[in-house]
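Descriptive structure summary
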Amino acid sequence: MSKGVTPQSKDYSRWYTDVVTKGELADYSPVKGCMVIRPYGYALWENIKSNLDRMFKETGHVNAYFPMLIPEDFLKKEAEHVEGFAPEVAVVTHAGGKKLEKPFVLRPTSETIIWAMYKKWINSYRDLPILINQWANVVRWEMRTRLFLRTTEFLWQEGHTAHETAKEAKDEAIQMINIYQKLAEDFLAMPVLVGKKTENEKFPGAVETYSIEALMGDKKALQAGTSHYLGQNFAKAFDVKFQNKNNEQEFVYASSWGVSTRLVGAIIMTHGDDKGLMLPPKIAPHQIVIVPIFRDEESKEKVMNLWKKIEPVLKEKNIRFNFDDRESMTPGYKFNEWEMKGVPVRVEIGPKDADRNGVVTVRRDTGKKSFPSLDEFLENISELLDTIQKDMFDKQIKFREENTIDVDSYDDLKKVVEDGGFARTFWAGSSDDENRIKDETKATIRCELFEKTKESGKCFHTGRDSETQVIFSKAY
RNA sequence: CGGGAUGUAGCGCAGUCCGGUAGCGCACUUCGUUCGGGACGAAGGGGUCGAAAGUUCAAAUCUUUUCAUCCCGACCA
């Protein structure tokens, strides 16, 4: 990490803030709790976004846009929904120089406005399904904020689908949580557990909530994406019915799902180390950075000639590169800067390399230095990026395995939660039991696992046989 | 809203106990030498010390009030 930064081991939250601000991802804004996303951070978000958007399109979804201002009484139409969001909505009470008779809220999520529109759009089963996604900002007035992980305003995508049957809506919700898993694991190199939320933790207004849960570097859990089966709750609240094939009126079934700029925070806390950020090649704004090294006109010319042989090949291979030819900084400075910003591969080209027609490569994840010939380098660069992507993921899988412990007593669970990590166990307790454990240990049930390690076991708390395997952990 | 801490140059901080010319490092500007792991020298520019009131010949420093931010809890994508 850069000079003056507290090392990760000593103070994780200070480390995190330093990585975000010194890595030029984001900055605090004059408005408390809001975040300015800087160009480098936004480029990262755009790469995440484009991969996700492609997967949405591949599964038949389309993008649309709904207003940011929602009539306040819309939120009140769904009982759980209003109860869940009331404490955190920002309300617009004045506009046009006078007090509004009917205030608006800044959307904390768009279910209500979207279902008000779906009422107009849906008449027959022939109008279904509707598979709409929107990329938008939302506002939630949380008490405590943290760059990327929880900000007052954040960017996200929210999908809102309408279906003929319960099964179709539920399958949609499952499909989308699986897409989130694919995004996290294949693109962000971040292993996640997929499962169902308990009643305590589910989305206000949902019948069931599914989530992906990741383990951060400090061994706390982070919910990285959610998907909800909404049943007919919002259809009933907004009176959205369709005429089915039997000529009967029926309420529409729904799903909604979203991931946010929190994913950027997740990447930082998953892969970052004492040197700063470490970005997976598939989403890094620059996959490689090239640092030219020369001292005089003669060596500069040699190096530039070498670069002329490299640049067109990188372009042809669609590699996102940054040729750092700033002359006011020394190479050593640049090495540290790009390590802090997490660029997966650094390529050094100097007079010595030009003489032997080769380059020097250094991997951000392992620090390993290699001296390939130019041909070897150009031939293998794409493969090297793939290898780094895979190695980063494997490393995180290993880390999660080391920190996932099966427990069968409360004492064991307390110990795991205290040390940090995932406590895996069977569960047959009630919501009250869960709350009591939360009060005593700060740990919550992250999810009921879809992929269990075994079919059934005894609940550590009630002693009853259970087929529900869960993860307990402290979470962000 | 509770508990803790901090507000001094763009950033990081010292100075506050014990009142007496506003300081250091980084960054910035100019020139020269450098350049393969955060270069060096020389010369510069930049601050009504968070705000207000009080005590005093004199306040960054003491007193009171106030505002803001950060960290820890409750809330939460």
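Residues numbered from 1 in each chain as written. Chains lettered and ligands numbered in written order. Predicted model: local features only at pLDDT ≥ 70, side-chain atom pairs only at ≥ 80, totals over all residues.

What follows is about the overall build of chain A. Check the secondary structure of chain A and you find 14 helices and 25 strands. Taking 23 Å as the expected radius of gyration for a compact globule of 476 residues, we find that chain A reaches 25 Å, a close match to that expectation. In terms of its C-alpha atoms, chain A occupies a principal-axis envelope of roughly 80 × 60 × 45 Å. Across the 476 residues that make up chain A, the buried fraction comes to 41%. In chain A, the share of contacts with a sequence separation of at least 24, taken over all contacts with a separation of at least 6, comes to 68%. (Helix = DSSP H or I, 4+ residues; strand = E, 2+ residues; numbered from the N terminus. Rg over C-alpha atoms; globule rule 2.2 N^0.38 Å. Buried ≥ 20, exposed ≤ 12 C-beta atoms within 10 Å, placed from the backbone. Contact = placed C-beta atoms within 7 Å.)

Take the sheet that holds strand β16 (residues 321-323) next. Taken together, the five strands give an open sheet; going across it, the order is β16-β15-β17-β18-β19, and neighbouring strands pair in mixed fashion. In the strand order of this sheet, the two ends are held by β16 and β19 (369-370), each with one partner. Here strand β17 (residues 345-349) runs beside strand β18 (residues 360-363); their pairing, made up of four bridges, is antiparallel. Residue pairing across strands places V347 opposite T361, the latter belonging to β18. Along the sheet face, helix α9 (residues 297-316) touches β15 (288-292), β16 and β17 and points at about 145 degrees away from the line of β17. The strands touched by helix α10 (residues 331-340) are β15 and β17; relative to β15, the strand with the most contacts, the crossing angle is about 170 degrees. (Pairing = 2+ DSSP bridges. Axes fitted to C-alpha atoms, helices over the stretch in contact; angles between N-to-C directions.)

Attention now goes to the environment of K99. Tracing the backbone shows K99 in strand β6 (residues 98-106). Its 9 C-beta neighbours within 10 Å are what place K99 among the exposed residues. K99 sits 354 residues away from T453 along the chain, and the two C-alpha atoms are 58 Å apart.

What follows covers the confidence of the model for chain A. Low-pLDDT portions of the prediction should not be read for the details of their coordinates. The share of residues in chain A with pLDDT of 70 or more is 98%, and the mean pLDDT across the chain is 93. When the criterion is pLDDT under 50, residues 1-10 qualifies, and its contacts beyond four places in sequence or with other chains add up to 20 contacts. Scoring of the predicted complex yields 0.95 for pTM and 0.86 for ipTM. (pLDDT = per-residue confidence, 0-100.)

Attention now goes to the sheet that holds strand β8 (residues 153-163). Spatially, β3-β7-β8-β14-β11-β10-β9-β22-β25-β21-β20 is the arrangement adopted by the 11 strands of the open sheet, whose pairing is mixed. Both outer strands of the open sheet, β3 (62-63) and β20 (404-406), are each paired with one neighbouring strand and no more.

Okay, the packing of helix α2 (residues 39-58) against helix α6 (residues 166-187) next. Relative orientation of the contacting elements α2 and α6 amounts to 140 degrees, with a least axis distance of 11 Å. What the angle tells us is that α2 and α6 run oblique. For α2 against α6, the interelement crossing comes out right-handed. Along the contact surface, α2 presents N51, L52 and M55, while α6 presents I179, K182, L183 and F187. (Parallel < 35°, antiparallel > 145°, perpendicular 65-115°, else oblique. Left-handed = near helix turned anticlockwise from the far one by under 90°.)

Moving on, we get to unusual backbone geometry. A cis geometry characterises the amide bond from L128 onward to P129, with omega recorded as -5 degrees. With respect to the helices, strands and loops of the structure, P129 is situated in the loop between α5 (111-121) and β7 (130-139). Unusually for a residue other than glycine, A189 sits at a positive phi of about 55 degrees. Tracing the sequence through the fold places A189 in the loop between α6 and β9 (193-196). Looking at A189, the number of C-beta atoms within 10 Å reads 27, which means it is buried. A positive phi angle, near 70 degrees, is found at K219, a position not held by glycine.

Within the fold, Y118 resides in helix α5. Of the residues examined, Y118 has 24 C-beta atoms within 10 Å and is grouped as buried. For Y118 and K241, which are 123 residues apart along the polypeptide, the C-alpha to C-alpha distance reads 9.5 Å.

Regular strands place their side chains on alternate faces of the sheet. Both β18 and β19 contribute to a ladder of two bridges, which runs antiparallel. Pairing of T361 across the sheet is with S370, part of β19. Between β18 and β19, which pair antiparallel one after the other, the connecting turn spans five residues, and G367 there sits at a positive phi close to 80 degrees.

Moving on: the pairing of β15. For β15, the tally of buried residues reaches five of five residues, placing the bulk of the element in the interior. The sheet contact formed by β15 and β16 spans three bridges and is parallel. Directly across from I290, in β16, lies its bridge partner F323. The handedness of the β15 to β16 crossover, carried by α9, is right-handed. Pairing analysis gives five bridges linking β15 to β17, with the strands arranged parallel. Paired with V289 across the two strands is R346, which belongs to β17. (Right-handed = clockwise from strand over helix to strand, strands pointing away.)

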